[in-house]
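# Architecture at a glance
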Amino acid sequence: MNKIRASIKGIHGYVPDYVLTNSELEKMVDTNDEWITSRTGIKERRILKGEGVGTSYMAVKAVQGLLEKTNTDPAEIEMVICCTSTPDLVFPATANIVATQVGAVNAFGYDIQAACSGFLYGLTTGSQFIESGRLKKILVIGGDKMSSIIDYKDRATCIIFGDGAGAALLEADEEGNGLMDFWLRSDGSGEPHLHMVAGGSRKPASHETVELKQHYVYQDGKTVYKFAVTNMAHAAAQIMERNNLSGDDITYLVPHQANKRIVDATAKAMGVEDAKVLMNIERYGNTTNGTIPLLLWDFEKQLKKGDNLILAAFGGGFTWGAAYLKWAY
Ligand code: COA
């Protein structure tokens, strides 16, 4: 009997309307377009404006578009995984909020918190339920409202991040396409280099934490950069080696959009030419859990059944990994 593979049968995304350009950032902090572009490749990012709207707002929009375009009845969805580092609330899970708002009344769900590697972790987690034959239709969402945890006076972080969400519909594939392999790792010793100090159980919110600006992302950019380049390339190499793939066999590299220089270095180490590297960081910045689904959504029309995709990511934790996916439609 053929192995059941989990495949992405539809992808959709949502980015807020407000565009925060490099020239607007020049008015907010001591920076300039040339510095930002040459260091990161980012030209603009989207920001979710308005009171009382969180990550679920964008996730719901992405899922509604996905259900509509795949002609899927929300009542058929059995599981909702929401990968996010900026949930609406500490609890309940944003997955539960989204599931109810889209009418997925027969689903259970939870959030996955693995920083920028979250969507990769969520995709592989959801796939196990499909491969086991236990579930038939699963939504995997990746999204973040990074603007809610960014200090727009800190030029080291505010230039990088943006808001957005994407969603994938996972189903079994009868034709041998779908998730072929994955390789994931994490290392908690990365915590000092990329984190948010307060707001969790170790240091709950207080007047002091607010005054000390401890509810914002802290990043030691240089350390994160070195770690990301080395480990994203290593993860991709593991996947390529054990599946006998060379750079020529890969149709597209689908990398987490952290920084153009990190992606270029990863592609070079893999022997993948520039034309095969999907990028949209110039328009959205780093949307954390949103980058990979938003990238697949942006390039959906270009993808063909049977294409060999390598997804690769890294993020706070540290977390990192790669997956080999044969596109299914
Ligand atoms: N505009 C202008 N100058 C800036 C700046 C900005 N936005 N941010 C920092 N600088 C300055 C620094 O203060 C420093 O000045 P100094 O030499 O006078 O001290 C100088 O630019 C160099 O800073 P440095 O931190 O060494 O820059 P860098 O070349 O390492 O680039 C990053 C900074 C953040 C772009 C880079 O480290 C990076 O991309 N890291 C990875 C970040 C990432 O991907 N995070 C997401 C993880 S999922």
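Residues numbered from 1 in each chain as written. Predicted model: local features only at pLDDT ≥ 70, side-chain atom pairs only at ≥ 80, totals over all residues. Heavy atoms only, no water.

Let us now look at the overall build of the chain. If you tally the helices and strands in the chain, you get 11 helices and 13 strands. Rg of the C-alpha trace for the chain: 19 Å, near the compact-globule value of 20 Å for 329 residues, within the 12% margin. Here the C-alpha coordinates of the chain stretch approximately 60 × 45 × 35 Å along the principal axes. Burial statistics for the chain: of 329 residues in total, 55% are counted as buried. Within the structure as shown, the chain displays about 14,300 Å² of accessible surface, and the carbon and sulfur contribution to it stands at 51%. Here the chain contributes 33 positive and 39 negative side-chain charges, whose respective centroids are spaced 2 Å apart. (Helix = DSSP H or I, 4+ residues; strand = E, 2+ residues; numbered from the N terminus. Rg over C-alpha atoms; globule rule 2.2 N^0.38 Å. Buried < 20%, exposed > 50% of the residue type's maximum accessible area, 1.4 Å probe, protein only. Areas by Shrake-Rupley, 256 points an atom, 1.4 Å probe, with all protein chains shown as cover. Lys, Arg positive; Asp, Glu negative; His and termini not counted. Charge placed at Lys NZ, Arg CZ, Asp CG, Glu CD.)

Further remarks concern helix H9 (residues 260-270). An α-helical segment advances 3.6 residues per turn. Residues three or four places apart therefore align on the same side. Listed as buried for H9 are Ile 262, Val 263, Thr 266, Ala 267 and Met 270. Buried residues of H9, seen end-on, are gathered within an arc of 130 degrees and therefore sit on one face of the element. Of the exposed residues in H9, those oriented more than 90 degrees away from the buried face are Lys 268 and Ala 269. Contact partners of the buried residues in H9: helix H8 (221-242), strand S11 (252-255) and strand S12 (308-315). Sitting at the head of H9, Asn 259 places a side-chain oxygen 2.7 Å from the backbone nitrogen of Arg 261. Trailing H9 by a residue or two, Gly 271 shows a phi angle of about 75 degrees, which is positive. (Arc of directions from axis to C-beta. Contact = heavy atoms within 4.5 Å. Polar contact = N/O pair within 3.5 Å; in protein donor to acceptor, adjacent residues only side chain to side chain.)

Here we take up the sheet that holds S11. Judged by pairing direction, the sheet is mixed, and its four strands sit side by side in the order S8-S13-S12-S11 without closing on themselves. Single-partner strands in this sheet number two, and they are strand S8 (178-186) and S11. Strand-to-strand, the axes of this sheet are offset by a mean angle of 15 degrees, without reference to chain direction. Examined bridge by bridge, S12 and strand S13 (residues 319-326) share eight bridges and lie antiparallel to one another. Looking at S13, one finds that Phe 314 is bridged to Trp 320. (Pairing = 2+ DSSP bridges. Axes fitted to C-alpha atoms, helices over the stretch in contact; angles between N-to-C directions.)

On to the packing of aromatic side chains, then. One pass over the full model with this rule turns up six aromatic pairs. Both rings, one in Phe 108 and one in Phe 129, keep their centres 6.2 Å apart while their planes meet at 65 degrees; by these two values the pair is edge-to-face. One end of the pair, Phe 108, is in strand S5 (residues 108-112); the other, Phe 129, is in helix H5 (residues 118-131), with 21 residues separating them in the sequence. Its relative accessible area of 39% is what places Phe 108 among the partly exposed residues. Clustering of aromatic rings is evident, with ring pairs tying together Phe 108, Tyr 110 and Phe 129. Over the ring of Tyr 284 we find Arg 283, and its NZ or CZ is 4.9 Å from the ring centre. (Phe/Tyr/Trp six-rings, centres within 6.5 Å; stacked < 30°, edge-to-face > 60°. Lys NZ or Arg CZ within 6 Å of the ring centre and 35° of its normal.)

What follows concerns the domain arrangement of the chain. Domain annotation for the chain reports domain 1 (5-175) and domain 2 (180-326). Put simply, the middle of domain 1 and the middle of domain 2, counted by C-alpha atoms, are 14 Å apart. Taken together, the contact between domain 1 and domain 2 spans 52 residues of the former and 46 residues of the latter. Taking both partners together, domain 1 and domain 2 bury about 3,800 Å²; carbon and sulfur atoms supply 62% of that area. Our enumeration of links across domain 1 and domain 2 arrives at three salt bridges. A salt bridge links Lys 69 to Glu 300; the shortest N-O distance between them is 2.8 Å. With seven residues, the single largest contributor to the side of domain 1 that touches domain 2 is H5. When grouped by side-chain class, the residues that make up the side of domain 1 that touches domain 2 number 22 nonpolar, 17 polar and 13 charged. (Domains from an automatic or database assignment. Buried area = accessible area lost by both parts, 1.4 Å probe. Salt bridge = Lys/Arg side-chain N within 4 Å of Asp/Glu carboxyl O. Nonpolar A, V, L, I, M, F, W, Y, C, P; charged D, E, K, R; others polar.)

Below, the discussion takes up the pattern of salt bridges. Inspection of every chain in the model, using the stated rule, returns 13 salt bridges. Of the charged contacts in the structure, one is a salt bridge between Lys 260 and Asp 264, with a shortest N-O distance of 2.9 Å. In this pair, Lys 260 and Asp 264 both sit in helix H9, four residues apart, roughly one turn of the helix. The class of Asp 264 is partly exposed, set by a relative accessible area of 33%. In this structure, Asp 298 engages Arg 283 in a salt bridge whose closest nitrogen and oxygen atoms are separated by 2.5 Å. Separated by 15 residues along the polypeptide, Asp 298 in helix H11 (residues 291-298) and Arg 283 in helix H10 (residues 281-284) bring together distant segments of the chain. Asp 298 gets classed as partly exposed once you look at its relative accessible area, which sits at 28%. Accessibility expressed as a relative area gives 34% for Arg 283, which makes it partly exposed. Each member of the salt-bridge network shares a partner with another, and the members are Glu 76, Lys 137 and Glu 171.

It is worth spelling out unusual backbone geometry at this point. Across the junction of Phe 91 and Pro 92, the peptide omega takes the value 0 degrees, indicating a cis bond. Here Pro 92 shows up in the loop between strand S4 (79-83) and helix H4 (94-102). Cis geometry is adopted by the peptide bond preceding Phe 318, which originates at Gly 317 and carries an omega value of 0 degrees. Among the structural elements, Phe 318 can be located in the loop between S12 and S13. Non-glycine residue Asn 244 carries a positive phi angle of around 50 degrees. Relative to the helices and strands, Asn 244 resides in the loop between H8 and S11.

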